[in-house]
Amino acid sequence: MGYLLARTFFDMAEYDRCAHALSNVAAPKALFLRGYAKFMAGERAKMERLGDPLSPADVRHATNEQLVEVLELVQPYLDVSAGKGDAWLHFLHGLVHARLGNSPEAVESLAASIALYPYNWSAWEELANLMVSENLFASTRQRLPESFMKQFFAAHCVLHRAFDIEEVQPALKSLRSTFSSATGMVPRLVALCLSEQRLYAECAERWESINAADPYCLDGLVSYANALFALGKETRLGFVAHNALAVDRQRPEPWIAVGNLHSLRAEHAKAAESFRRAIALQRDDPTAWVLLGHECIELKQTEAAAEAFQRALDLNPRDCRALYGLGNMYQLLGLHAYSLHHWEQACAIRPTDARMWGCLAHAYHYHGAPESALRACKRAVAADPAYLDPDIFALIGSILASRRQEPALPPPPTSTTTPPALPTWAHPPPSAPPTTTAASEDPIPWFRAAWAQRTRALGASDDLRPAGLVATAEALFHHALAGLAGASDTMALERELDEYIRDATVAAGDDDALRPRVEAMQRALRAAVDGRTAGMGNGVARKRRRVAPAGS
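Rules of the game
The residue numbering used here restarts from 1 in each chain and proceeds along that chain's sequence as written. Predicted model: local features are reported for residues with pLDDT of at least 70 only, side-chain atom pairs are reported and counted for 80 or more only, and whole-chain, interface and lining totals are derived from all residues. For the side-chain quantities, the full set of heavy atoms in the structure was used; hydrogens and water were omitted. Note on conventions: DSSP H or I runs of at least 4 residues are helices, E runs of at least 2 residues are strands, and numbering of each starts at the N terminus. Throughout, a contact is declared for two residues whenever any of their heavy atoms are within 4.5 Å. Patches here are clusters of residues that have more than 30% relative accessible area and form no salt bridge, with a 9 Å joining cutoff for like charges and a 5 Å cutoff for nonpolar side chains (Val, Leu, Ile, Met, Phe, Trp, Tyr). Throughout, the Shrake-Rupley method with a 1.4 Å probe supplies accessible areas, and for residues the shown protein chains are the sole cover considered. Salt-bridge detection follows one rule: a side-chain nitrogen of Lys or Arg within 4 Å of a carboxyl oxygen of Asp or Glu. The classification of residues rests on relative accessible area computed with a 1.4 Å probe and restricted to protein chains. Under 20% of the type maximum is buried, over 50% is exposed, and intermediate values are partly exposed. Each aromatic pair joins two rings of Phe, Tyr and Trp (for Trp, the six-membered one) with centres within 6.5 Å, and gets the label stacked for planes under 30 degrees apart, edge-to-face for over 60, and tilted for any other angle. The criterion for a charge sitting over a ring is simple: Lys NZ or Arg CZ within 6 Å of the ring centre, and within 35 degrees of the ring normal. To estimate how far a helix should extend, the number of its residues minus one is multiplied by 1.5 Å. In this analysis an axis means a line fitted to C-alpha atoms, helices contributing only their contacting stretch, and an angle means the value between N-to-C directions, from 0 to 180 degrees. These descriptions rest on fixed angle ranges, namely under 35 degrees for roughly parallel, over 145 for roughly antiparallel, 65 to 115 for roughly perpendicular, and the rest for oblique. Should the near helix be turned counterclockwise from the far one by less than a right angle, the crossing is left-handed, whereas a clockwise turn marks it as right-handed. Under the convention adopted here, Pro, Cys and the residues Ala, Val, Leu, Ile, Met, Phe, Trp and Tyr are nonpolar, Asp, Glu, Lys and Arg are charged, and Gly plus all remaining residues are polar. pLDDT measures the predictor's confidence residue by residue and takes values from 0 up to 100.

Secondary-structure assignment places A471 in helix α25 (residues 466-482). Sequence separation between A471 and L400 is 71 residues; the distance between their C-alpha atoms is 8.8 Å. Apart from the residues within four sequence positions on either side, A471 is in contact with G397 and R517.

Another point: a nonpolar patch on the surface. A cluster of nonpolar side chains, contributed by W88, L116, Y117, Y119, F148 and F179, occupies part of the molecular surface with about 540 Å² of accessible area. Position of L116 among the secondary structure elements: in helix α6 (residues 103-116). Accessibility expressed as a relative area gives 36% for L116, which makes it partly exposed.

Summed over the entire model, instances satisfying the criterion amount to 15 aromatic pairs. Plain terms: the ring middles of F32 and Y36 are 5.6 Å apart, the flat faces sit at 15° to each other, and that makes the pair stacked. Of this pair, F32 and Y36 both sit in helix α3 (residues 28-49), four residues apart, which is roughly one turn of that helix. By relative accessible area, which is 16% here, F32 ends up buried. Taking relative accessible area as the criterion, Y36 reaches 22% and is therefore assigned partly exposed. Between Y117 and Y119, the aromatic rings sit 5.8 Å apart at their centres with planes inclined by 80°, giving edge-to-face as the arrangement. Under the relative-accessibility criterion, Y117 is labelled partly exposed at 35%. Judged by relative accessible area, which is 46%, Y119 ranks as partly exposed. Through successive ring pairs, a cluster of aromatic residues spans F10, Y15, F32, Y36, F39, W88, Y117, Y119, F148, F152 and F179. Residue placement shows R277 over the ring face of W255; its charged tip is 3.8 Å from the ring centre.

Attention shifts here to helix α18 (residues 302-315). Given a rise of 1.5 Å per residue, 14 residues ought to cover 20 Å, and the 20 Å separating the end C-alpha atoms of α18 matches this to within 8%. All of the buried residues in α18 are A304, A305, A306, A308, F309, Q310, R311, A312 and L313. On the buried face of α18, the contacting elements are α17 (286-298) and α19 (320-332).

Our focus in this paragraph is the packing of α17 against α19. With their axes 10 Å apart at the nearest point, α17 and α19 run at an angle of 15° to one another. The angle between the axes of α17 and α19 places the two elements in the roughly parallel class. Seen from above, α17 lies across α19 with left-handed handedness. Together, P286, T287, V290, H294 and I297 of α17 and R321, A322, Y324, G325, M329 and L332 of α19 make up the contact between the two elements. Considered class by class, the residues forming the contact of α17 with α19 number seven nonpolar, three polar and one charged.

Bringing the side chain of T140 into the picture now. With respect to the helices and strands, the residue T140 is situated in helix α8 (residues 134-143). The exposure class assigned to T140 is buried, which follows from its relative accessible area of 2%. Setting aside chain neighbours within four positions, we find T140 in contact with V107, L127 and M131.

Residues shown with low pLDDT carry predicted positions that ought not to be read at fine detail. Counting all residues, the mean pLDDT for the protein is 80, and 80% of those residues have values of 70 or more. Taken element by element, the predicted model of the protein shows its lowest mean pLDDT in helix α24 (residues 443-459) (56) and its highest in helix α15 (residues 252-264) (95). Every residue in residues 456-464 scores below 50 in pLDDT, and together they form 17 contacts with partners more than four places removed in sequence or on other chains. Scored below 50 in pLDDT, residues 539-552 shows zero contacts in the model against residues more than four places distant or in partner chains.

Here the focus is the pattern of salt bridges. Following the criterion strictly, the structure yields 17 salt bridges and no others. E134 is paired through a salt bridge with R318; the nearest N and O atoms lie 4.0 Å apart. A residue pair is termed long-range when its members are at least 10 positions apart, and E134 in helix α8 and R318 in the loop between α18 and α19 qualify at 184 residues. On the basis of relative accessible area, R318 is assigned to the buried category, the value being 10%. With a shortest N-O distance of 3.0 Å, R350 and E196 are connected by a salt bridge. With a gap of 154 residues between them, R350 in the loop between α20 (336-349) and α21 (354-366) and E196 in helix α11 (residues 185-196) connect regions that are remote in the sequence.

Given below as structure tokens:
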């Protein structure tokens, strides 16, 4: 009777009354409910102490004052090392250790809870939040019991912790063969996978079918709103945001959709306010913090943007979006060493993201490391066949042109002036400057091969700047032209040179500033071909004179 009364108090969110009603009950189920009620009471008190996000009253590191008491309550009734006892007490023990920052103890307790009862998704989700590296994920995954819940856990970790996206495909295939419903978690994981692969059109279509089958479910709405934002579908995004607010205004997902809508309309102040409302409803959502940081950059509030991105990294150290945002912010401030530091981290976490490599290439270029920038450009172009950075070809062309025209530059003089003091929110730059040593493999031949395969399609895109295409074609043209004299297959090389000129002609169009550069390429090719032909003719004549009989 006491347990039923306490459960009623818990359902009414009267957590202190619930814990008090079970103060004299020692059964495992009652102990769990009592400890969890104390935990929830502490979480509610912590939320009340927090101010508005990024306001002067905001408290960054508020703690749950009930954690130690809950730990002392649960500890005597379980033995984590033995892997025995009550699954729910192990879960509560791991939850408290996770909030206290004791990750190894939390992983052990949550793994023990899952081994005893593998169908508690909250335990799997808390365990996923502790997977800060791929090695830890792999070792923990081997210890967990085999079940379909393990497949959900693997997919969740890959999609939310920026692990290798290829690892999620077997898990999704297995889950789709087990669960064939058009609603539920499996279709949402498939849509999230499409969003992570930047296939926004397919992602939006998938969410359309999911919402048609389950229009009142808001789980995963953030991914749908982000896809519509990336596609620029303002009308559809407004419809989705309006319907989501009608379903539940006390969930963060509708306000994130509203914020995306305002951001698409360039109403950045309203967007930032919507994201703040979403954060106030759910403080542990890194996506809302990242989006708020981007809006603060648009509003020229750099200190607030840095704090928002850092909050996202506190929640998920592997969040590449936050690292990308910090890198962009520091580049806008001219702090290129700091932007380089964060973009290097982002590339290490997600080496298949072309955007990160493109940003890293620009950071190396600003840092005076052209060879490192060129290698980063190669990684960017190779990572994603659909990568259309407007500046990447201009960067490649300028680096290759400077390599052709200028000798190696001496190192810049050492500055004797003291650099200006950085603001308190600036994070430390890399401990060592970027390497400028040449790669063991020259990337220019690779760019020449990639150009023949991909630049036809890229050149048709309106997103690319003609100057970048002309600069790259010009640099590759001169690199190929230098090898014309000693080439064994001159016909193939001349065809390649003609293709560079044709591509540059198409890119230049009617631009009066670019057409002279194309004409110079045409003159250089004619001169090289004429010179080679004349040389061949003189060589044949000399050979005939050597073999001709005397007196002829």
